[in-house]
Amino acid sequence: MENVLTPQDVCKIMNVPVSAMRVFASALNPAFDWEKDLGMNFKNVLIALLTDRKEREKQQPIRALFGMDKKALEGGAGGEIQTGNED
């Protein structure tokens, strides 16, 4: 049986607070299913990065991790990340 990573496991591995990762994920992809997708996507992205170590930036691991289309990653979806520091 294959071990399934929970979102909390992923955050612990990445050393990122769960609350911060949730905000980041929802800002990048509001339709992202936190419980269902983060653990599986993380595992797939990690394996891909370890398997093919050249041209990692072209693999766009953030897009794969958060289930984003290419247009959204390039900022073409019209969304900007709100930091809360805007006046």
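Residues numbered from 1 in each chain as written. Predicted model: local features only at pLDDT ≥ 70, side-chain atom pairs only at ≥ 80, totals over all residues. Heavy atoms only, no water.

Asker: Describe the overall build of the chain, naming the residues involved and giving the relevant values.
Answerer: The secondary structure content of the chain amounts to 6 helices and 0 strands. Order of helices (α) and strands (β) in the chain, N terminus to C terminus: α-α-α-α-α-α. Taken across its 87 residues, the chain has 23% of its residues classed as buried. Pairs at least 24 residues apart make up 51% of the contacts formed inside the chain by residues separated by at least 6 positions. (Helix = DSSP H or I, 4+ residues; strand = E, 2+ residues; numbered from the N terminus. Buried < 20%, exposed > 50% of the residue type's maximum accessible area, 1.4 Å probe, protein only. Contact = heavy atoms within 4.5 Å.)

Asker: Can you break down the environment of K36 residue by residue, with the values?
Answerer: Its place among the elements puts K36 in helix α3 (residues 34-51). As for K36 and L5, which are separated by 31 residues in sequence, their C-alpha atoms are 9.9 Å apart.

Asker: Before we move on, can you summarise the pattern of salt bridges with the specific residues and values?
Answerer: Applying the stated criterion across every chain, the model contains 1 salt bridge. Among the salt bridges present, the one from R22 reaches E35, with a minimum N-O distance of 3.7 Å. Residue R22 is found in helix α2 (residues 18-28), and its partner E35 is found in helix α3; the two are separated by 13 residues along the sequence. (Salt bridge = Lys/Arg side-chain N within 4 Å of Asp/Glu carboxyl O.)

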